[in-house]
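Residues per chain are reported as follows:
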Amino acid sequence: MENKTQVLLAGCFYMYPMRLTKYDVKLTKQGITFNELPQKKNVLKTQKSIHFGDVVGCRCKKGKSEKDPSAYFSIFSYQFKGKSKRKRSKYEHSFGLCDFQNFEDNLKVCQKWRNVIVCLSRNIVVNINEVEFCTLPPSPTVLVLINPRSGPGKAQQIFESTVKPMLDEADIVYKILITEYAGHASDVVKTLKLEDYSGLVIVSGDGLIYEVINGLMSRKDWAKAIKFPIGCLPGGSGNAMCCSINYLAGEPMDPDMALHSSFILIKHRILPIDLVLLQTPTDQIYSFLSVAWGIIADIDYESEKLRSIGSTRFVLYTIMRIIKLRTYRARISFLPVSDQKLKENGKSSKSVKFARPRRYTIFSNDSNQEALNSVYEVGCVGKFKSLDEGDLRIRSQSMPANMSGYMTRGEKPKNSLTSKSDNKLSEENEDEKEDEDSGHHSGDEALNGEVENGLVDFNLNLTTDEVFEDSVDETISTISDSTDPVPSPLLSPLDKDVPNTWTTVEDDFVTALAIYLPYLGPENLVSPDSKLNDGCIHLMLVRKGVSKNDLMKIFLDFTTGEHINSPACEVIKCLAFRIVPLTEKGNIMVDGERIDYGPIQGQILPGLARIMAIQ
């Protein structure tokens with residue numbers, strides 16, 4: 001069994017720039033502990049610690065004086081301050097060494113410490129016999145797309161003030177591209193040489209993510225391109241993807257969402273994320289978030305004129321649309337994942353409980369993370385079956401040890417930007433007790449799910465006779481390096497009836513929402529049961545007849561997810577759905593983007609894309 005408390009390195013350092021005070025410093029696989037050496041006998045000093053789950057980077061430096069032979073290594077960590085765990089604060093601890101008369105010999109010792117610290121903070125295993133030969137892992141290189149006009153127009157400012165310093169501390173090499181027009185991001189990824197980068201980081205709202213995903217899916221090599229890792233940082237007014245990633249990682253969203261999202265980006269694993277293939281009478285598109293129709297779509301689209309005020313626009317238009325309530329008629333069909341039924345007469349007999357991720361988690365270090373192996377089960381009305389082979393399945397294996405923590409491909413671009421940190425030393429951190437609750441999420445575990453140069457084989461085999469009570473003729477062939485269109489065996493043509501394994505209801509509705517991430521926007525925990533890769537669509541329906549007071553309560557309960565207990569709110573987990581509006585005018589929004597009004601249907605593509613996240 002691995003001994004995480006075994007001391008790998010030990011030494012005596014001063015805390016820069018206070019050279020008169022010496023510290024006894026010990027390094028284990030979990031972190032660094034240090035305590036001030038007492039100048040008098042029998043005087044105990046409080047031991048302090050830095051956990052590698054909170055560390056984003058480490059850098060060696062030289063003293064300011066040319067005649068000073070001392071060297072030191074600075075550790076950059078973001079730790080929760082106080083017991084509330086409401087916000088991470090930055091700490092820079094600089095340990096100095098002046099044991100030798102020349103700088104080179106002092107630097108050599110500091111570099112050894114730095115190499116081990118960086119490896120362990122990226123969850124690369126370092127054993128006691130490997131310390132002397134430990135080398136730095138290669139720095140990842142990412143392309144950063146910034147939309148300066150997203151939401152309130154602060155994306156570039158957010159990057160410069162918060163994200164850029166943290167990327168520099170983590171030694172992540174980046175190239176910045178500012179989008180100049182609608183569709184620019186899509187045009188970029190259609191021709192991007194993916195092998196030149198470790199991933200793509202988007203600083204914007206959800207609109208740019210939508211562009212990037214559909215741009216990748218329009219490539220001839222879409223089956224490989226869609227596995228290119230995407231990282232998301234909040235720069236818009238909605239930021240549903242960032243909210244969902246933070247929520248599932250147990251990280252706070254307030255008061256500084258950009259800082260916590262950047263922390264997740266640096267400490268990320270590469271995880272599969274579900275997409276949904278959508279078909280309209282004229283187009284086929286790919287969605288990562290939701291399809292909204294009715295009042296939710298109206299609020300999203302009609303509030304566009306107030307983008308400059310950020311997420312407040314959604315609050316104002318929610319109140320307005322409830323006061324002037326509209327209803328719409330539609331025929332809605334879906335293929336549920338199990339024996340689920342719509343509520344009878346709009347009444348529910350019991351509350352629905354959902355597994356809420358623990359928030360504000362202290363990350364723990366676990367280098368022995370087992371390989372991710374998610375098998376999605378497919379069912380039908382009245383029957384829930386598990387398949388042994390094929391099916392909607394993700395197969396994955398652990399990354400090699402030398403690739404843990406990041407995916408690195410290609411060489412650094414010539415015009416990549418880097419900068420030196422000029423941050424001053426912070427106050428020494430409080431000695432907080434590590435919480436070892438087994439329910440914690442691990443923030444610095446080894447990457448899972450990436451094989452063959454960072455590409456995971458996506459196996460989408462459907463044995464229809466085993467899945468459906470009424471067999472369907474279509475099958476999905478294995479997807480690997482395919483250049484053929486994405487198969488959609490669960491969907492009939494829009495001008496044909498849905499299969500008889502589906503459930504259909506025609507009624508007057510206030511809204512219908514198909515969602516596959518927890519958050520629809522800030523403070524809108526619309527689907528608390530959703531995961532990044534749970535392999536299903538959560539279809540929420542609210543019918544005509546709900547009172548305005550009850551509807552207002554549903555929207556207010558979005559903040560906690562308790563709206564799913566409302567008798568007026570129906571939620572069905574499904575694999576596919578179809579919405580056919582029977583009211584002439586209205587809005588349909590896909591991932592916050594308005595599309596032509598009319599029939600729309602979609603099916604889940606489980607784990608098809610890749611996201612930088614922690615779950």
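Residues numbered from 1 in each chain as written. Predicted model: local features only at pLDDT ≥ 70, side-chain atom pairs only at ≥ 80, totals over all residues. Heavy atoms only, no water.

Okay, the overall build of the protein chain next. A tally of regular secondary structure across the protein chain gives 11 helices and 25 strands. Per-residue burial over the protein chain gives 57% buried out of 615 residues. A separation of at least 24 residues holds for 74% of the contacts in the protein chain among residues at least 6 apart in sequence. In the structure as shown, the protein chain presents an accessible area of about 26,500 Å², 48% of it carried by carbon and sulfur atoms. (Helix = DSSP H or I, 4+ residues; strand = E, 2+ residues; numbered from the N terminus. Buried < 20%, exposed > 50% of the residue type's maximum accessible area, 1.4 Å probe, protein only. Contact = heavy atoms within 4.5 Å. Areas by Shrake-Rupley, 256 points an atom, 1.4 Å probe, with all protein chains shown as cover.)

All right, on to a nonpolar patch on the surface then. Taken together, Val-315, Ile-319 and Ile-323 make up a surface patch of nonpolar side chains, about 270 Å² in accessible area. Along the polypeptide, Ile-319 turns up in helix H9 (residues 312-323). With relative accessibility at 39%, the residue Ile-319 sits in the partly exposed group. (Patch = residues over 30% accessible without salt bridge, like charges linked within 9 Å, V, L, I, M, F, W, Y side chains within 5 Å. Salt bridge = Lys/Arg side-chain N within 4 Å of Asp/Glu carboxyl O.)

Take the nonpolar core next. Within the largest apolar cluster, 88 residues are counted, with the highest numbers of intra-cluster contacts made by Ile-332 and Ile-611. Residue contributions to this core peak at eight residues, all from helix H6 (residues 240-249). If we skip the residues at most four places from it in the chain, Ile-332 touches Trp-293, Thr-503, Thr-504, Val-505, Phe-509, Ala-512, Leu-539, Leu-541, Arg-578 and Ile-579. Residues Leu-27, Val-55, Phe-73 and Trp-113 belong to the second largest nonpolar core, which totals 32 residues. (Core = buried A, V, L, I, M, F, W, Y, C linked by side-chain atoms within 4.5 Å.)

Attention now goes to the side chain of Arg-114. Among the structural elements, Arg-114 can be located in helix H1 (residues 103-121). A polar contact is formed between the side chain of Arg-114 and the side chain of Asp-171, at a distance of 2.7 Å. The contact partners of Arg-114, leaving out residues within four places of it in the chain, are Cys-58, Arg-59, Cys-60, Leu-136 and Asp-171. (Polar contact = N/O pair within 3.5 Å; in protein donor to acceptor, adjacent residues only side chain to side chain.)

The subject of this paragraph is the packing of helix H8 (residues 295-302) against H9. Contact pair H8 / H9: the axes reach a minimum separation of 9 Å and the direction vectors enclose 130°. The pairing of H8 with H9 is recorded here as oblique in orientation. As for how H8 packs across H9, the hand of that crossing is right-handed. Contact with H8, carried on its side by Ile-295, Asp-298, Ile-299, Asp-300 and Glu-302, involves Arg-313, Phe-314, Tyr-317, Thr-318, Arg-321 and Ile-322 of H9 and no other residues of that element. Its residues placed into classes, the contact of H8 with H9 shows five nonpolar, one polar and five charged. (Axes fitted to C-alpha atoms, helices over the stretch in contact; angles between N-to-C directions. Parallel < 35°, antiparallel > 145°, perpendicular 65-115°, else oblique. Left-handed = near helix turned anticlockwise from the far one by under 90°. Nonpolar A, V, L, I, M, F, W, Y, C, P; charged D, E, K, R; others polar.)

Here the focus is the pairing of strand S22 (residues 569-581). Of all 13 residues in S22, 11 are buried, a share of seventy percent or more. Note: strand S15 (residues 328-336) against S22, seven bridges, orientation antiparallel. Looking across to S22, one finds that Phe-334 is bridged to Phe-577. Two elements, strand S21 (residues 537-543) and S22, share six bridges in a ladder whose sense is antiparallel. Directly across from Met-540, in S22, lies its bridge partner Val-571. Direction of pairing for S22 relative to strand S25 (residues 600-613): antiparallel, over a ladder of four bridges. Looking at S25, one finds that Phe-577 is bridged to Gly-602. (Pairing = 2+ DSSP bridges.)

Here the structure, examined in full by the defined rule, presents 19 salt bridges. The salt bridge involving Arg-114 is made with Asp-171; its shortest N-O contact spans 2.7 Å. Linking Arg-114 in helix H1 with Asp-171 in the loop between helix H2 (155-169) and strand S9 (173-178), this pair joins segments that are 57 residues apart in sequence. The partner of Arg-326 in a salt bridge is Asp-298, with the nearest N and O atoms 3.2 Å apart. Taken together, the residues Arg-326 in the loop between H9 and S15 and Asp-298 in helix H8 connect sequence positions 28 residues apart. Residue Arg-326 is classed as partly exposed on the basis of its relative accessible area of 31%.

Further remarks concern the state of the cysteines. Considering all chains together, one arrives at zero disulfides under this definition. You can see Cys-536 has no disulfide; the closest cysteine sulfur is in Cys-574, sitting 7.8 Å from it. (Disulfide = S-S within 2.5 Å.)

To continue, consider the packing of helix H3 (residues 184-191) against helix H4 (residues 206-217). At a minimum axis separation of 8 Å, H3 and H4 run at an interaxial angle of 30°. Crossing hand, H3 versus H4: right-handed. Together, His-184, Ala-185, Ser-186, Val-189 and Lys-190 of H3 and Leu-208, Glu-211, Val-212, Gly-215 and Leu-216 of H4 make up the contact between the two elements.

For H6, the buried fraction is high: 10 of the 10 residues fall into the buried class. Of all the positions in H6, only Ala-240, Met-241, Cys-242, Cys-243, Ser-244, Ile-245, Asn-246, Tyr-247, Leu-248 and Ala-249 are classed as buried. The secondary structure elements touched by the buried residues of H6 are H4, strand S11 (230-234), helix H7 (257-267), strand S12 (269-279) and S25. Of the residues one or two after H6, Gly-250 is the one with positive phi, at around 80°.

Moving on, we get to the environment of Arg-594. Summarising the element assignment, Arg-594 is placed in strand S24 (residues 593-595). Using a relative accessible area of 42% as the deciding quantity, one classes Arg-594 as partly exposed. Distance from Arg-594 to Tyr-301, taken between C-alpha atoms, is 6.9 Å for residues 293 residues apart in sequence. Excluding anything up to four places from it in sequence, Arg-594 contacts Tyr-301, Gly-586, Asn-587, Ile-588 and Met-589. A distance of 2.8 Å separates a polar atom in the side chain of Arg-594 from a polar atom in the side chain of Asn-587.

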